[in-house]
Amino acid sequence: DIFRLMDRLLLLSSEGQVVFTGPTSAAQDHFGSLGLVPSTPGTSVADHVLDLVIKAPRSQVSQLVYAFTVSATAHADNAWITALIMQGTKADRAASADPHQSNKARPKYQASYLQQVSALSRRLSANCVRHPLLIGLNFGATFVMALGLGAIYWKSGRDTGGIQDRFGSLFFMLMYLALASLSSLPIWCDDRLLFVRERAAGAYGTAAYFTSVVLFDVLPMRLLPPLFFVAASYPMIGLRAGGLYWAHTLLVLVLSNITAASLSMAIGAALPSVALANMAGSLAVLLSMLFGGFLLSRNKMPGWIGWAAGLSYVRYAFEALVSTEFHGATGFRFTAFHQPGAPPDKLPHVNVSGDDILATFGFSTSDSAYWDDVAALTLLCGLLLGATFL
């Protein structure tokens, strides 16, 4: 894998003679033309030839050096080096001819911001192709979980049990996505040393690196998994019918997923090790769930700790989801305790509206509640991404 990441290869003998230098992609053809093909499958040609150079007698090494000197690869590499030298010479002459231009400050980076983002995105996409397990496992597990959730809460009713099932299924979606977002914790820790060195060398800027990494984490890992829940679980559970409510649920799940990933990124960037980041990230997710409004009723939350609920992204996401499901809806009823199998029409019950249910559990019943929560989620997401960048 490391060999494939190299753009150029320089291979020297024990006496410092050049056995090969040039593009890594040309090494296979060059040594293959000399009959130096690895006998063991999976061995890179560079490792094979290096081992040969170390163990071979001096006469054979001299033959390899001469073979490279007269090869087309050597001629092409010399022409490339000459072109680079000529290009630098022309730039120096142009700067000398215009002293005012030479005194101007040179740009910090030769490539523009968009070019940097494009180059970094290509590298990240290549890494995704080489290591597809994380994305594949995320998609596969989410799809299976979405089907399982729909099967468990299949066609939830509109009585007390059905109301509880609707609350539980919506909270589980948020909980699953929050736990899955912990995969964003090691993003900055794993490549921190590489980023510091490449930025110091002037390869790219912090903004370009941050943009490319966030895009490659958000687009595949945070946008598609919520779609599985809305496409599969939503109709199986029997949640509120209508394209508008479907779209509102999808928007909240996506925003919640991105906000959870932003929280994990901020924690991972702030702490020096993955172990500490895992512990802090898990604690942050658990606290967000605790103050989300499902495990602890908002009506029963002590005043001295109520401020913590305002920092929980799960609170805003869950309220937006239940508001979509219940606000303005009718046909629900609170039923008394009964033995399983009792006829529904024989049960004592109280007809309630969706707003009555929301008020009972301490959620807002205003018409603007949904968009207020969406705005709060967006603000939290922006603040967390800003903290990660800083």
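Just above, that's the structure.
Quick caveat, the model's predicted, so the values are computed rather than measured. (Residues numbered from 1 in each chain as written. Predicted model: local features only at pLDDT ≥ 70, side-chain atom pairs only at ≥ 80, totals over all residues. Heavy atoms only, no water.)

A. Here's a closer look at helix 19 (residues 369–389). Helix length check: helix 19 (21 residues) gives 30 Å between terminal C-alpha atoms against 30 Å at 1.5 Å per residue, within 8%. Residues A369, Y370, D373, V374, A376, L377, L380, C381, L384 and T388 constitute the buried set of helix 19. Projected onto a plane normal to the axis of helix 19, the buried residues spread over an arc of 160 degrees and lie on a single side. For helix 19, the exposed residues lying more than 90 degrees away from the buried face are L379 and L383. (Helix = DSSP H or I, 4+ residues; strand = E, 2+ residues; numbered from the N terminus. Expected span 1.5 Å × (residues − 1). Buried < 20%, exposed > 50% of the residue type's maximum accessible area, 1.4 Å probe, protein only. Arc of directions from axis to C-beta.)

B. The arrangement of the packing of aromatic side chains in detail. Taken as a whole and assessed by the stated rule, the structure comprises 19 aromatic pairs. Arranged with centres 4.6 Å apart and planes meeting at 20 degrees, the rings of F195 and Y209 form a pair that is stacked. Within this pair, whereas F195 is found in helix 11 (residues 192–200), its partner Y209 is found in helix 12 (residues 206–222), the two being separated by 14 residues in sequence. Neither F195 nor Y209 differs from the other in exposure class; each is buried. (Phe/Tyr/Trp six-rings, centres within 6.5 Å; stacked < 30°, edge-to-face > 60°.)

C. Broad picture of the environment of G238. Mapped onto the elements, G238 comes out in the loop between helix 13 (224–237) and helix 14 (243–270). Separated by 84 residues in sequence, G238 and W154 place their C-alpha atoms 7.2 Å apart.

D. Quick peek at the pattern of salt bridges. According to the stated counting rule, one finds 3 salt bridges in the structure shown. When the shortest N-O distance is used, the salt bridge between D77 and R8 registers 2.6 Å. A residue pair is termed long-range when its members are at least 10 positions apart, and D77 in helix 5 (residues 72–97) and R8 in strand 1 (residues 8–12) qualify at 69 residues. Residue D77 is classed as buried on the basis of its relative accessible area of 4%. Looking at R8, the relative accessible area reads 32%, which means it is partly exposed. The residue R166 makes a salt bridge to E325 at a minimum N-O spacing of 2.7 Å. One end of the pair, R166, is in helix 9 (residues 160–180); the other, E325, is in helix 17 (residues 313–326), with 159 residues separating them in the sequence. Overall, R166 belongs to the buried group, its relative accessible area being 2%. (Salt bridge = Lys/Arg side-chain N within 4 Å of Asp/Glu carboxyl O.)

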